[in-house]
Structure formats: structure tokens, C-alpha cells
Amino acid sequence: MSKTRNGPPLEASVRGTAGDRRQFLKASLGAVAASLLPMSCSRLALPRRNSLPNPFVLDGKPLLVVVIGDDPATMIEAGLEALGGMRKLASRGKEALLKPNYVVGRPYPITTALDFTSSLVGYLKKVGLLKIGIYESPGSRLFTPMRPETNMEILGVIAEARKLGVEIVAGDLFARDEFCLVYDPSWSMKTPVGVHKRLIHAGLVINIPVLKRHSAAGMTCALKNHFGSVMMADRLVAHKQEGKGFDRRLVEFADAVRPELTLVDARSILARSGPENGDVVSGVRRMILSGDMVAVDAYCANLLAEHDATFSPEMISEQLRHAQSLGLGQPDLSQVQIVEVTT
Amino acid sequence: MTRRAQSTGALLLGLFCIWGCSKAPAFLPRKDEIQNLKPSGSLKCYRGQTLYVYINGGADLFHEYGFQRLWVQTYKNSDREIVLEAYEMTDGPGAAGIYSHMRRPGSEQALTTGLASVTETQVLATRDRFTLVVRAGDMLPGIEGDLKGLCDQVCSKLPEGSAGPSFLGNSLPWEGRIPGTEVLIRGPLGLRIRPWAAQIHAEGFREGWLASCQSAEGDAEVLWTKFASQEQASKSFASWTSQSHPDVASALKEDILVFAQGKELPASFLETLCQRILEQGVRTP
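What counts, and at which threshold
- Residues numbered from 1 in each chain as written.
- Chains lettered and ligands numbered in written order.
- Predicted model: local features only at pLDDT ≥ 70, side-chain atom pairs only at ≥ 80, totals over all residues.
- Heavy atoms only, no water.
- Core = buried A, V, L, I, M, F, W, Y, C linked by side-chain atoms within 4.5 Å.
- Buried < 20%, exposed > 50% of the residue type's maximum accessible area, 1.4 Å probe, protein only.
- Helix = DSSP H or I, 4+ residues; strand = E, 2+ residues; numbered from the N terminus.
- Contact = heavy atoms within 4.5 Å.
- Axes fitted to C-alpha atoms, helices over the stretch in contact; angles between N-to-C directions.
- Parallel < 35°, antiparallel > 145°, perpendicular 65-115°, else oblique.
- Left-handed = near helix turned anticlockwise from the far one by under 90°.
- Nonpolar A, V, L, I, M, F, W, Y, C, P; charged D, E, K, R; others polar.
- Polar contact = N/O pair within 3.5 Å; in protein donor to acceptor, adjacent residues only side chain to side chain.
- Expected span 1.5 Å × (residues − 1).
- Arc of directions from axis to C-beta.
- Buried area = accessible area lost by both parts, 1.4 Å probe.
- Salt bridge = Lys/Arg side-chain N within 4 Å of Asp/Glu carboxyl O.
- Pairing = 2+ DSSP bridges.

Draft legend 1. A look at the nonpolar core. One finds Leu211 of chain A together with Tyr87 and Trp174 of chain B to be the most contacted residues of the largest nonpolar core, which totals 116 residues. Of the residues forming this core, the biggest block, ten residues, is contributed by helix H9 (residues 293-307) of chain A. Once you skip the residues sitting within four places of it in the chain, Trp174 of chain B turns out to touch Trp209, Ala211, Cys213, Val222, Trp224, Ile277, Gln280, Gly281 and Val282 of chain B. Formed by 40 residues, the second largest nonpolar core is a distinct cluster that contains Leu89, Ala96, Ala113 and Ile134 of chain A.

Next up, the structure:
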């Protein structure tokens, strides 16, 4: 059993093969090393973020928790406890960076709900995390109307963060020096992706997307949420890809970041059309939690289809197939341990 | 990228954003023309690719319909905020097309200045080369009157143009067509409007029309598509027919491919419907 600089002993309960364990140790040590480095990037492309292999597994299968309820604080606590608790991520240190969806200045479920984010911050502090940041990059400081802080101001996130003592990391999507180039040879596009430095160097990244329709991607949830993690040039190049190229590239953005944990607040969802103008479906009363982004998207695609006759999970099949081929997770829900919790 | 290249890029982007955006458009109501509402904050304008900064992934669909410029102005009544978005497209059909894609079926009603798609929190309209979205900033109901009033005020200053909502119905001479269900599709992304249509091989796809049709057998959805060439239409048809698509029939004639979809409807009925739509075609303006 190893000890890390910041946390308690590594979880002995992490299951898997010897190879998995080696990968796990390598990733944990990598995270510690990354935390000691200054926030810089080399001019050469880095490998994808040194994340922790999914520690939330049961009987060799990724665990996915579905919480039914209304109160976000209760749902988050019940969900994370059912998942095994934040102690499974203790090796990543005492700092976390949240990646919400603040693509526009319009309220939930178009963007991540403020009460959800506040409740999550409250829980993370309660279980001992010392420093929490919220990262999003929806604009640029080149021009005042496009400032990256604007959406977060409109949504009340900045004021709330000040109250909670949370750092706001508003990335400038045009500022090349805020991003590190990341590349993996298994990607379909043989060019690197600019990923925001703060995400690359974060010990723990928690993905907090919403569930909604998307005109280009079919659906936006765990994987697609990482469009906001990369610089504008890469987003535009992805949008110019025809056919399945767009689906594959968005998966590669998520692969570059590989968050340790995803929580989807699906108390309400956006159906029929999106990512901005659609039909808000309230009363869905679900929160989905997992360390496996692919399982999350597979589950959420079924959930969306239940509430949106114009959507079918088949519409994101290429995303799930490509994500699985990159080793991002499990799209076959029969191979996922699904635990339902009612609050 | 060097500092100099970054600065040049920023300057070019700045010029690109400002060009054509420096003057407020005449259709925006003056302060004295709107009751209860006051402009709040500055007028924002997005041109071309800068739309991605405003709506990110949503921009793709607008570009398929020929997006040119977007004007955004926020208004306030006593305690609520209303956002006006005026999307300017290359032509009237493009504006009507994106309107048809965004409207909720069955939501259209006549305002003082013409038809609009109205929900509790949003009014959507199209006039000339413009598509207007007037929405409650907080997405909460209760200000429908103000939303409609502002939409009417802007529409009254725009020319009718050759398109508008009537263009959609007038373009489809299909027997049994249900008014208000027509959708003009201008690119492959638009085909994602239905799960079954998303499976169409879209290489060479140019334009499509989707609408619901009523008959004694039941309601069916029909999709008329035009390809860049007969060869590409044939390729798409071959790709489609090589797989099983329950509830969908298809028919090909030169560069036109027609699909009819209906759950639990007889295949023979759907095939006949396809042939009928192939004969009736689309009225191009």
C-alpha cells in the first residue's frame, strides 16, 4: 500500500487486474507530480490528462448510481455515498476543479443549476476538500460583450462562488497561452487539442453537465461537456468535421481531460431541441453519478429518449462506440452496475 | 503562436466583429415605443463565426440556414428581464427555415403583426430575412403579454418580405399536410430532427422538407430530400435500403429521395404516400 503526499492510503478496495493497479499507482503518482509542477506547458504536445482510472467499480463493472428525488443536497450526498464516497478519490489531493456547463447565460436545465453546484461544493467541503474551483470557458476578454465571466455573472455563479469561497476560473477561449496542447495517437484526428492548463494540472476534475438535446451532437451530457475544456480553434475545427468526424472529435476532447467523476443533474432536462432553445421537461427527478462518462451518457441517452420522442440513443451511437475504443468507459449498460437510490 | 500573431489575430477578429455591427438596426424599438419595458445593457452584435461565442454548439444549425448577423438586446420591466434576439439570415427562406426548425408544433397563434410560435416563456417569429426570439431571461412564465408586445413592435418595423411563416405552408402542395408541421432543412445537421431521418446517408444532401400528413389510415411524417446529383441520391438510397427500417418507406426519382414514416401503418400505404409526394414535389419560390 502506498501513501501520497496529500491524502490517506490509496484505496485497497479498487478492483481490477494487476495492470489496472499499476496504472492506478502511476496515475496517482502522476497527479502528485503534476501538483508540484508550475502551471506551464511545453511547446510539445502532452499526453492526455493523467487521471485516475475509475475507482467506482463493483464486481469488476463500473458503478453508476441513479438518485431519485428533488432536493439537490440530499441527492448529492446519497448518490456519492452509494458510489463509495469521495474517499475513493483521496489520492488526488484536497483540491477539486468542477466543470459545469455555462455555455450561455440562461438558467437550468440549459446550464448547470446554481443550487446543484452550491450543494456539491457544500458536500465536498464537508468531506474535507480544502480548495474548490469552478472552470468554464464560454468567451474571450478580447471584447467586452464576449467576456468569459459574463454568463457566470448572469447566472449568479460568481456571486455565489464569492459567498462559498470558491475560485472562479474563467478561461479565455482565444488565449493560446492559457491552454496546453494534448495529443493521443489513438485519436481519429491526428492533431493536438488545446486543453485549459488548469484542467490539465488539476488533481481532481469533477464533470457536472446537464442533460439536453444538441443540434450538432444529438445530445449533450458527460462527453460533450468538454467542448468547454478546449480552446476555440479546436471547437471550430470540430464543428467543421462532416458526418461522424464531429462525434469522434468531441469524444477526443473528453478523452483529453478524463474527469475522475461525473454528476448529471437531471431533475429537469431540455428536450426536442438544443443546446439553447428547447422544451424544458420538469419532474424527471434524477441525478446520475459515475466515474464512467460513457456509461453515464449511455444511461442518459435512454433517459432523454423516454422524455423526447424526437430523440433516439442511436443518434449518439458513434460517440459511445469511439469512446469505448479509446478506453473511456462502458456503453453497454448490461455491463454496468446500476444502483438506484430514492431520497 | 507568437505575440505578434496573437495581436494580429485579435485585431482581425475585432474588425470582423465590428464590421456591419457598428450601427443599431432600425427595427429595434425606441425607448418611447415600448410600454413597461426599458432597454437594459448594451446592444450586442455577432457576425459569422463569432456566433459560436454566443451560443457555441447551437451556432452550427444557424450556419446551415445562412446565418449573417445576430443582434441581442435585453429589456427590463419592473422586475423581470426580456431578451430579444434578432437573427439575420442570407435570405427569407433561410429565416423561415430556422423558424420552422425551432417552433414547437401546435404553438402558433396570430399576433397583431402576423403568425408567431408562442410558449409561456418565449415568442418566436420570422419576417423577411429575420428570425426573432423574444424570451423571458429567467425562463419563467408570467410575462407572455410583454413578450408578444415586444415581438409585435419589432415585426411592425420589418418588411413582410417574400418568406415569413406562410412561405412554409405555401411551398408544400402535399395532400393532407397538417399546417404548422412543415420544417425546411438546409443541411445534414437538420436531418437530426428525427431519429430515423438522422440515419440517412447525407453526402450531397442539399435541401429537405419534413411535414406530417393526415389520412384515413393515420398520421404519417413525410420527408422530401434533394441531393446535389442523381448519383448521390442513388448512393443515399442504396445505403438506406441496405438496412432494415421498420415503419419507413422510401422512393427515389432522379436527384429526389422521399421517405414516409408512420408507426403501425401498412407498408403499402407508406409506399403509395412516397410516390404521391414524389409526384406533387415542392414549389420552389
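Draft legend 2. Representation of the packing of helix H3 (residues 114-126) of chain A against helix H5 (residues 157-164) of chain A within the structure. All names here are of chain A. Orientation of H3 relative to H5, taken along the N-to-C sense of each, is 20 degrees, at an axis distance of 11 Å. Judged by the inter-axis angle, H3 sits roughly parallel to H5. Pair H3 / H5 crosses with right-handed handedness. For the pair formed by H3 and H5, the contact residues are Leu114, Ser118, Val121 and Lys125 on the first element and Val157, Glu160 and Leu164 on the second. When the residues that make up the contact of H3 with H5 are grouped by side-chain class, the tally is four nonpolar, one polar and two charged.

Draft legend 3. The side chain of Ser118 of chain A, seen in detail. All names here are of chain A. Locating Ser118 in the fold gives a position in helix H3. Look at Ser118 and you get buried, because its relative accessible area is 15%. Of the polar contacts made by the side chain of Ser118, one reaches the side chain of Glu160; its length is 2.9 Å. Setting aside anything within four residues of it in sequence, one finds Ser118 in contact with Glu160 and Leu164.

Draft legend 4. Spatial organisation of the packing of helix H8 (residues 244-257) of chain A against helix H10 (residues 317-325) of chain A. Residue and element names in this part refer to chain A. In contact at an axis separation of 9 Å, H8 and H10 are set at 45 degrees when each is read in the N-to-C sense. It follows that H8 is oblique to H10 by the angle criterion. Relative to H10, the crossing made by H8 is right-handed. Facing H8, whose interface residues are Lys244, Asp247, Arg248, Leu250, Val251 and Glu252, H10 presents Glu318, Gln319, Arg321, His322 and Ala323. For the contact of H8 with H10, the class distribution of residues is three nonpolar, two polar and six charged.

Draft legend 5. Looking closely at helix H7 (residues 230-241) of chain B. Residue and element names in this part refer to chain B. For H7, spanning twelve residues, the distance from its first C-alpha to its last is 16 Å, which sits close to the expected 16 Å at 1.5 Å a residue. Listed as buried for H7 are Ala233, Ser236 and Trp240. Buried residues of H7, viewed axially, fall in a sector of 65 degrees; they line one side. In this structure, the buried side of H7 is in contact with strand E10 (220-227), strand E11 (248-253) and strand E12 (256-261).

Draft legend 6. Just the interface of chain B and chain A, in detail. Contacts between the two partners involve 37 residues from chain B and, on the opposite side, 41 residues from chain A. Of the roughly 3,200 Å² buried where chain B meets chain A, counting both sides, 58% is carbon and sulfur surface. A per-residue breakdown of the area chain B buries against chain A is headed by Val53, Met139 and Arg192 of chain B, which together make up 22% of the total. Counting across the interface, chain B meets chain A through two salt bridges. In this structure, Arg104 of chain B and Asp279 of chain A form a salt bridge, with 3.0 Å as the shortest nitrogen-oxygen distance. Inspection of the chain B/chain A interface yields seven residue pairs in polar contact (both at pLDDT 80 or more). Those elements that provide at least two residues to the side of chain B that touches chain A are helix H1 (3-18), strand E1 (38-47), helix H2 (51-55), helix H3 (59-64), helix H4 (92-102) and strand E7 (130-136) of chain B. By residue class, the composition of the side of chain B that touches chain A is 17 nonpolar, eleven polar and nine charged.

Draft legend 7. Representation of the sheet that holds strand E3 (residues 81-89) of chain B in the model. Residues and elements named next belong to chain B. Within the open sheet, the seven strands sit side by side as E1-E2-E3-E7-E6-E5-E4. Their pairing is antiparallel. Every interior strand has two partners, whereas the edge strands, E1 and strand E4 (108-111), have only one. Strand-to-strand, the axes of this sheet are offset by a mean angle of 20 degrees, without reference to chain direction. Alignment of E4 against strand E5 (residues 114-118), held across four bridges, turns out to be antiparallel. Bridge pairing in E5 places Glu108 opposite Ser117. The strands touched by H4 within the sheet are E3, E4, E5, strand E6 (122-127) and E7, with E6 carrying the most contacts at an inclination of about 155 degrees.

Draft legend 8. Highlighting the pattern of salt bridges. All names here are of chain A. Scanning the model with the defined rule gives 39 salt bridges over all chains in all. Between Arg48 and Asp184 there is a salt bridge, with the nearest N and O atoms lying 3.4 Å from each other. Pair noted here: Arg48 is in the loop between helix H1 (18-36) and strand E1 (57-58) and Asp184 is in the loop between strand E6 (179-182) and strand E7 (193-196), with a separation of 136 residues, a long-range link. Overall, Arg48 belongs to the partly exposed group, its relative accessible area being 21%. Overall, the relative accessible area of 13% leaves Asp184 in the buried class.

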